[in-house]
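Architecture and fold: a report
Spelled out, the chains give:
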Amino acid sequence: MTSMLETVVRGVVTKGIEAVAEFNRKRLPAPAGGNPFLTGIHAPMKEERTLTELQVTGTIPAGLDGRYLRIGPNPIDADPASYHWFTGDGMVHGLAIEDGKALWYRNRWIRSNEVARELGVEPAPGPRHIFDTVNTNVVNIGGRTFALVEAGSYPVELGETLDEQVYNPFDGTLKGSFAAHPHRDPKTGEQHAICYDAHDQNTIRHVVIDRAGHVIREEPIAVRHGPMIHDCAITDRYVIILDLPVTFSMKTLIGGHSFPYQWNPAHEARVGLMPRHGTQADIIWCPVKPCYAFHVANAYDTRDGNVVLDLCVYETMFDHDTQGPSSRSRGFERWTIDPQSRSIDIRTIDAAAQEFPRPDERFFGQPYRHAWTIALPSDPDERFVGATALYAYDVWDGRRQVHDFGPGRHPGEFVFVPEAPDSEEGAGWLIGFVVDMNSDTTDLVILDTRRFEDAPVASIHLPHRIPPGFHGNWVEATGIETLRG
């Protein structure tokens, strides 16, 4: 039950509370052996680089013309005692490809006010909202490139070389915070997101952005406890809301920790089916056994009126660790949601620990066949990343393929790029970074999905280690994605 103090403080976060949190932050003991998300594979880069002479093994597919972009936390001056992986200063990495050649690699910090002070440069211009650390995703919206984070900051619009940065609430059309995972409807070109604000524990919002990159809907939805909603999904009929038991924790904030969200067994776990043009009164809430999911693979409506949702699931999350995710993965699951009975049938597709599911985005919100994930270490305390394999799934027949990069070589999220706009589903390339801890280097690896277990068709070699990050995408040189259907 929420205490009276917590209720009052959640309404108005006072300077006194901030002072107490800062006092306690300075008293936190340094982790024995160092913070695991600041050392080893997670040790941050210390400088920005521009590289134009890039070595390539294999042959880069001629049809690839654009930039691979990925972002993640790269703290410029972190306190090991209070640092949490999710709160690090954002650094975006980009690698440009054209006519079968690797043109350049660049990494740039997002110029928040604090980063700019540390670097001795001007901060990125534009309005701020709650905070200005942006570190979670890089996407194409309305033909422009935006770096994203949830719970607070406005998006940061990025220029082609990543040097130009502007905090931009979609040309003034976004009124509140945004999300890390907007999803594009391939039929309409609209982007859908479920957004939450760190200063409002009672409301989330369904936000829709049109093809021009402007917000056309910001519909409020009442919630309790301030749930952390990292991802969502869409179908032809619904927006799917994952209201699960990781919520704002005033105790964690006052205790001096930088990430104030924890597992909350008092919070009811539920999935909401919101008609895409409906209001909160129209949401069909369906209870589910307590668990947590960061990411969905896909969702779609079935002919019998149910909804299929495929996602990676954990038993709990943030129930004991204040530095990063550490819960045991339940694997890749299919949830079949019956809006009539308000029930959810759960089936395990694969119990292997895994994360970062990606489909062929041309089929998002539609019946689909192919998905790809990265393996996670079987021990949840092993810094979250650290396994060496990717998985490919055919969800029609349950077949799983494995691409293992070998000892000491650790993949991050891989992104699917179709060979051509009208290629059949799943025919194309998987692109992502692989960190080689044997040599402290990184490769941008390109796999052929039709020969998934074979050697990469190309590897672009970078002479340094890129710390594991979160999300990114392939952005075509035109900047405009082709609609299907």
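Right, let's walk through the structure included here. Along each chain, numbering runs from 1 in the same order as the chain's sequence is written. Local features in this predicted model are restricted to residues whose pLDDT is 70 or higher, and side-chain atom pairs enter the listing and the counts only when it is 80 or higher, whereas totals over whole chains, interfaces and linings include all residues. With hydrogens and water set aside, each side-chain value is computed from the structure's full complement of heavy atoms.

The next subject is the overall build of the chain. A helix here means a DSSP run of H or I that spans at least four residues, while a strand means a run of E at least two residues long, and both kinds are numbered starting from the N terminus. Looking only at helices and strands, the chain has four helices and 33 strands in total. Rg of the C-alpha trace for the chain: 21 Å, near the compact-globule value of 23 Å for 485 residues, within the 12% margin. Across the 485 residues that make up the chain, the buried fraction comes to 61%. Between two residues, a contact is recorded if the distance between any of their heavy atoms is within 4.5 Å. Taking as baseline every contact in the chain between residues at least 6 positions apart, the subset at least 24 positions apart corresponds to 61%. Methods summary: accessible areas were calculated by the Shrake-Rupley approach with a probe of 1.4 Å, and residue burial reflects only the protein chains presented. Accessible surface, the chain: about 19100 Å² in total, of which carbon and sulfur atoms supply 50%. In the chain, which carries 45 positive and 66 negative side-chain charges, the distance between the mean positions of the two groups comes to 2 Å. Radius of gyration means the value over C-alpha atoms here, while the globule rule gives 2.2 Å times the residue count to the 0.38 power. Each residue is placed in one exposure class: buried if its accessible area under a 1.4 Å probe, protein chains only, is under 20% of its type's maximum, exposed if it is over 50%, and partly exposed if it falls in between. Working convention for charge: Lys and Arg count positive, Asp and Glu count negative, and His plus the chain ends are omitted. Where a charge sits is defined by one atom per residue type, namely NZ (Lys), CZ (Arg), CG (Asp) or CD (Glu).

Time to look at the packing of aromatic side chains. Each Phe, Tyr or Trp ring (for Trp, its six-membered ring) is paired with any other whose centre lies within 6.5 Å, and the angle between the two planes then decides the class: stacked below 30 degrees, edge-to-face above 60, tilted in between. Within this structure, the stated rule accounts for 22 aromatic pairs. Measuring from ring centre to ring centre gives 6.0 Å for F405 and F414, while their planes differ by 35°; the resulting arrangement is tilted. F414 carries the same exposure label as F405, and that label is buried. Three or more aromatic residues link up through ring pairs in this structure, and these residues are F37, W85, F86, Y196, F248, F259, Y261, Y292, F294, Y314, F318 and F470. For a Lys NZ or an Arg CZ to count as sitting over a ring, it must be within 6 Å of the ring centre and within 35 degrees of the ring normal. Lying over the aromatic face of Y167, R128 brings its terminal NZ or CZ to 3.8 Å of the ring centre. Here the basic side chain of R400 rests over the ring of Y391, its NZ or CZ set 4.3 Å away from the ring centre.

The next subject is the sheet that holds strand β5 (residues 101-109). On the basis of which strands lie adjacent, the open sheet formed by five strands has the order β1-β5-β4-β3-β33 and antiparallel pairing. For this open sheet the edge positions go to β1 (50-51) and β33 (472-476), each flanked by a neighbour on one side alone. Pairs of strands are assigned from DSSP output, requiring at least two bridges between the strands. Pairing between strand β3 (residues 66-73) and strand β4 (residues 90-98): eight bridges, direction antiparallel. Pairing of P73 across the sheet is with G90, part of β4.

In most cases, non-glycine residues show a negative phi, while peptide bonds are predominantly trans. One non-glycine residue with positive phi stands out, namely A151, at about 80°. Of note in this structure, D440 is not a glycine but carries a positive phi near 60°. Here D440 is to be found in the loop between β30 (428-436) and β31 (441-448). Overall, the relative accessible area of 39% leaves D440 in the partly exposed class.

All right, on to the environment of D77 then. By the element assignment, D77 lies in the loop between β3 and β4. Residues D77 and E355 lie 278 residues apart in sequence; the distance between their C-alpha atoms is 28 Å.

Here, a salt bridge means any Lys or Arg side-chain nitrogen found within 4 Å of an Asp or Glu carboxyl oxygen. Throughout the structure, instances matching the rule amount to 26 salt bridges. For R111, the salt bridge is made with E48, and the minimal N-O distance between the two is 2.8 Å. Here E48 lies in the loop between α2 (15-27) and β1 and R111 lies in the loop between β5 and α3 (113-119), a separation of 63 residues in the sequence. The exposure class of R111 is buried, given its relative accessible area of 17%. The shortest N-O distance in the salt bridge between R334 and D310 comes to 2.8 Å.

It is worth spelling out the layout of surface pockets at this point. Cavity means a closed set of points on a 1 Å grid over the protein atoms alone, one where a 1.4 Å probe fits but cannot get out, pocket means an open set with protein on both sides within 12 Å along at least 5 of 7 lines, and lining means a residue has an atom within 4 Å of a point. Grid points are joined across faces, edges and corners, and a volume is the space filled by probe spheres set on the points. Each pocket or cavity is described by its volume, and for the largest pocket that value is around 1400 Å³. Looking at the largest pocket, it is lined by 50 residues, and the ones nearest its centre are T87, F131, T133, S258 and F259. Looking at the lining of the largest pocket, the elements with two or more residues in it are α2, α3 and β24 (354-359). The dominant element in the lining of the largest pocket, judged by the number of residues it contributes, is α2, at five residues. Only Asp, Glu, Lys and Arg are considered charged in this grouping, and only Ala, Val, Leu, Ile, Met, Phe, Trp, Tyr, Cys and Pro are considered nonpolar; every other residue, Gly among them, is considered polar. For the lining of the largest pocket, the class distribution of residues is 26 nonpolar, 13 polar and 11 charged.

Bringing the sheet that holds strand β25 (residues 370-375) into the picture now. Spatially, the four strands line up as an open sheet ordered β24-β25-β26-β27, and their pairing is antiparallel. Both outer strands of the open sheet, β24 and β27 (399-404), are each paired with one neighbouring strand and no more. Within this sheet the neighbouring strands show an average axis-to-axis angle of 25°, counted without direction. Strand direction decides the pairing type here: strand β26 (residues 389-394) and β27, joined by six bridges, are antiparallel. Residue A392 lies in a different strand from β27, and its bridge partner there is Q401. Working convention: axes come from line fits to C-alpha atoms, limited for helices to the stretch in contact. Angles between N-to-C directions cover 0 to 180 degrees.

For the rest of this paragraph, the subject is a negative patch on the surface. Only residues whose relative accessible area exceeds 30% and that form no salt bridge are eligible for patches; like-charged ones are grouped when within 9 Å, while nonpolar side chains (Val, Leu, Ile, Met, Phe, Trp, Tyr) are grouped when within 5 Å. Negative charge collects at one region of the surface, where D65, E98, D99 and E476 lie side by side. Mapped onto the elements, E98 comes out in strand β4.

Our focus in this paragraph is the side chain of N74. Locating N74 in the fold gives a position in the loop between β3 and β4. Given the relative accessible area of 1%, N74 is considered buried. Not counting residues up to four positions away in its chain, the partners in contact with N74 are P44, M45, G88, D89, M91, W109 and P467.

Bringing the environment of C286 into the picture now. Note on placement: C286 falls in strand β19 (residues 284-287). Along the primary structure C286 and R224 are separated by 62 residues, whereas in three dimensions their C-alpha atoms are 16 Å apart. For C286, the contacting residues outside a window of four places in its chain are A269, R270, V271, I337, D338, R342, S343 and I344.

Taking burial as the measure, the six residues of strand β20 (residues 296-301) include six buried ones, the bulk of the element. Inspection of the sheet shows β20 paired to strand β21 (residues 307-314) by five bridges, in the antiparallel sense. Each residue of the ladder has a partner; that of A299, found in β21, is L309. Connecting β20 to the antiparallel partner β21 that follows it, the hairpin turn spans five residues, and G305 within it adopts a positive phi of roughly 95°.

Looking now at empty space enclosed by the protein. Under the counting rule described, the total for this entry stands at three cavities of 30 Å³ or more. By volume, the largest cavity amounts to about 90 Å³. V385, P411, G412, P468 and G469 are, among the 13 residues lining the largest cavity, the residues nearest its centre. Counted by class, the lining of the largest cavity contains eight nonpolar, three polar and two charged residues.

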